[in-house]
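# Structural characterization, general
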Amino acid sequence: SEIRAMEILTIIIPPVYIVRPQLFPLVVAKMVHLCLQYGNCALSAYAYALYGLLLCSSENIETGYQLGKLALELQEQFDAQEIKSKVSFLFNNMVRHWREPAITTLEHFLQGIQSGIEVGDVEHACFHAKYYCIYLFLLGEPLPTVEAKSSKQIEMIAHFKQDFQLNYARIWHQLNLNLQGQATDKLLLIGKSFDESEMLVKWQEENNATSLFALYLAKLILCYFFQDYQQAVVYGRQGKQYLSASIGTMCFGEYYFYYGLAMLATYPPQAKIQSINLPEDIVDCQQKIQHWASYAPDHYQHKYELISAEIARVCGDREQADLHYDRAIAEVKKVGYLHLSALAEELTAEFYLSIGRLKIASYYLTDAYQGYLQWGAVAKAGELESKYLNLLNCIPKQEFVANRD
């Protein structure tokens, strides 16, 4: 019967998304088709939420969002407790942030963990938990706070023996530790939470596309912050082949942002490239982020301004660069993402250094330095300190030493 078919398709959705993402849209289409053919059942809510996330990630954000909301209503209407955690997971993780402030997802993840445990759906409770850990990081909360909140969730996931979610959450936990200076090699995700060399082989054998994507994204972010731009671009390219395994999630958007910035950072200051000669990949990143910013300005407007500023910089358009850097800083201050606030200040400082305006560069660098410390990225602040000690002149020198410990 069609209900049995829907039940089977519902069970296979998570593994398909994780290891065969290219088949994911086909399974979703089949589910929606069954709903249209035979009328709605309790599982229709899940089907519509899935379709909503596909639409959001294919640029059709408004319709996708409305479908997601319809899914929530249907779930209430059918009072389908057993799929409550599944539907709320899809909506909060893969639909909500395209249209609402991304910060609103966090409380819903915590509720989703509870409702999953209540109905015995530990798989989805742990899905909520792992994305809670990632989104905390992506929304720029102080790293020690993120570390404490994540540790608690990681313990819970381990308790329920959900290995996929566990190792995925640990990638981001380790990235956090690296930025805080708690790793032997800051550019390798190897430490007390995670060992990339071990997991990479395992995930390649299992064709775990979702985890591979997350690993390459985390490596891209890590190398970008630590200014190993060539390597960041390599990880960006490697991640690209697994992009469909992150569809709908906030990671999908983050990938384009960091990949775009990494590519731009490989150009020398004032490269004076004709904007018509910019690689298609860079233009694509800028256009996608501009589109997303029109629906979710909180999360994407500052990203659009920052990418536009960097594009203006490599095209040698000082006036435009100046304007977009200013806007990026103002926009990110509004939402309070600590990491991107510091990054915007740092990139602005480097722009002014490249045109020889040392005094103004020193002002932005100092802000960036303090911003990174506020975020808790001690290793990143230390790097700025050794690179620009003479320009960070408004902090008493003994404070540097104090912050090292």
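Treat the numbers as computed from the prediction; the structure is a model and nothing was measured.

## Some remarks on the overall build of the protein chain
Within the protein chain one finds 20 helices and zero strands. Radius of gyration (C-alpha) of the protein chain: 22 Å, near the 22 Å computed for a compact globule of 405 residues. In terms of overall dimensions, the protein chain has C-alpha extents of about 70 × 45 × 35 Å along its principal axes. The 405 residues of the protein chain split such that 59% are buried. Within the protein chain, counting contacts between residues at least 6 apart in sequence, those at least 24 apart form 67% of the total. Accessible surface, the protein chain: about 16300 Å² in total, of which carbon and sulfur atoms supply 53%. Charged side chains in the protein chain number 33 positive and 44 negative. The centres of these two groups are separated by 3 Å.

## Details of the side chain of S341
In this structure, S341 sits in helix 17 (residues 338-354). Take S341: its relative accessible area is 14%, and that puts it in the buried class. With residues near it in sequence (within four places) discarded, S341 still touches V332 and K333.

## Focus: the pattern of salt bridges
Counted by the stated rule, this structure contains 16 salt bridges. Among the ionic pairs, K288 bridges to D284, the shortest N-O distance being 3.0 Å. Taken together, the positions of K288 and D284, both in helix 14 (residues 280-293) and four residues apart, correspond to about one turn of that helix. With a relative accessible area of 17%, K288 lands in the buried category. Across the pair E310 and R313 runs a salt bridge whose closest N-O atoms are separated by 3.1 Å. Linking E310 with R313, this pair stays in helix 15 (residues 297-314), spanning three residues, or about one helical turn.

## Quick notes on the packing of aromatic side chains
Taken as a whole and assessed by the stated rule, the structure comprises 36 aromatic pairs. Relative to F252, the ring of W98 has its centre 6.5 Å away and its plane inclined at 75°; by these criteria the two rings are edge-to-face. Of this pair, W98 sits in the loop between helix 5 (84-94) and helix 6 (105-118) while F252 is found in helix 13 (residues 250-265), placing the two residues 154 residues apart along the sequence. Judged on exposure class, the residue W98 and its partner F252 are both buried. The interplanar angle of 55° and the centroid separation of 5.2 Å between the aromatic rings of W98 and W292 together place this pair among those described as tilted. With W98 in the loop between helix 5 and helix 6 and W292 in helix 14, the pair connects residues that are 194 residues apart, well separated along the chain.

## Some words on unusual backbone geometry
For D79, which is not glycine, the phi torsion reads 45° and is therefore positive. Tracing the chain through its elements places D79 in the loop between helix 4 (61-77) and helix 5.

## Details of helix 3 (residues 44-57)
For helix 3, spanning 14 residues, the distance from its first C-alpha to its last is 20 Å, which sits close to the expected 20 Å at 1.5 Å a residue. Among the 14 residues that make up helix 3, 13 are buried, leaving the element largely enclosed by the rest of the structure. Of the residues flanking the end of helix 3, it is E59, one or two places downstream, whose phi is positive at about 80°.

## Some remarks on a nonpolar patch on the surface
A cluster of nonpolar residues, I8, I11 and I12, forms a patch on the protein surface that exposes about 270 Å² of accessible area. With respect to the helices and strands, I11 occurs in helix 1 (residues 2-19). The class for I11 is exposed, based on a relative accessible area of 60%.

## Some words on the nonpolar core
In this structure, F24, F137, W172, Y224 and Y372 are the most contacted members of the largest nonpolar core, which totals 146 residues. No other element matches helix 11 (residues 209-225), which puts 14 residues into this core.

## Topic: the packing of helix 4 against helix 5
Helix 5 packs onto helix 4 with a crossing angle of 165° between their chain directions and a minimal axis gap of 10 Å. If you check the angle between helix 4 and helix 5, you find them roughly antiparallel. Crossing of helix 4 against helix 5: the hand is left-handed. Of helix 5, the residues touching helix 4 (which contributes Y65, G68, K69, A71, L72 and Q75) are K84, V87, S88 and F91. In terms of residue class, the contact of helix 4 with helix 5 is made up of five nonpolar, three polar and two charged.

## Focus: the packing of helix 13 against helix 17
Contact geometry of helix 13 with helix 17 gives a least axis separation of 14 Å together with a crossing angle of 20°. As far as their axial angle goes, helix 17 and helix 13 are roughly parallel. The handedness of the crossing between helix 13 and helix 17 comes out as left-handed. Note on element contacts: helix 17 touches helix 13 through H339, L340, L343 and L347, opposite F257, Y258 and L261. When grouped by side-chain class, the residues that make up the contact of helix 13 with helix 17 number six nonpolar, one polar and no charged.

## A short note on helix 4
The α-helix advances 3.6 residues per turn, and as a result positions three or four apart in sequence lie on the same side. Its 17 residues give helix 4 an end-to-end C-alpha distance of 24 Å, which sits within 8% of 24 Å, the value for a rise of 1.5 Å per residue. Among the residues making up helix 4, those that are buried are I61, G64, Y65, L67, G68, A71, L74 and Q75. Its buried side turned inward, helix 4 meets helix 3, helix 5 and helix 14. Positive phi appears at D79, one or two residues downstream of helix 4, with a value of about 45°.

## As for the environment of H299
With respect to the element layout, H299 can be found in helix 15. Sequence separation of H299 and P279 is 20 residues, and the distance between their C-alpha atoms is 25 Å. In this structure, H299 is in contact with A102, L138, L139, M250, E254 and Y337, ignoring residues within four places of it in sequence.

Criteria and cut-off values
Residues numbered from 1 in each chain as written. Predicted model: local features only at pLDDT ≥ 70, side-chain atom pairs only at ≥ 80, totals over all residues. Heavy atoms only, no water. Helix = DSSP H or I, 4+ residues; strand = E, 2+ residues; numbered from the N terminus. Rg over C-alpha atoms; globule rule 2.2 N^0.38 Å. Buried < 20%, exposed > 50% of the residue type's maximum accessible area, 1.4 Å probe, protein only. Contact = heavy atoms within 4.5 Å. Areas by Shrake-Rupley, 256 points an atom, 1.4 Å probe, with all protein chains shown as cover. Lys, Arg positive; Asp, Glu negative; His and termini not counted. Charge placed at Lys NZ, Arg CZ, Asp CG, Glu CD. Salt bridge = Lys/Arg side-chain N within 4 Å of Asp/Glu carboxyl O. Phe/Tyr/Trp six-rings, centres within 6.5 Å; stacked < 30°, edge-to-face > 60°. Expected span 1.5 Å × (residues − 1). Patch = residues over 30% accessible without salt bridge, like charges linked within 9 Å, V, L, I, M, F, W, Y side chains within 5 Å. Core = buried A, V, L, I, M, F, W, Y, C linked by side-chain atoms within 4.5 Å. Axes fitted to C-alpha atoms, helices over the stretch in contact; angles between N-to-C directions. Parallel < 35°, antiparallel > 145°, perpendicular 65-115°, else oblique. Left-handed = near helix turned anticlockwise from the far one by under 90°. Nonpolar A, V, L, I, M, F, W, Y, C, P; charged D, E, K, R; others polar.

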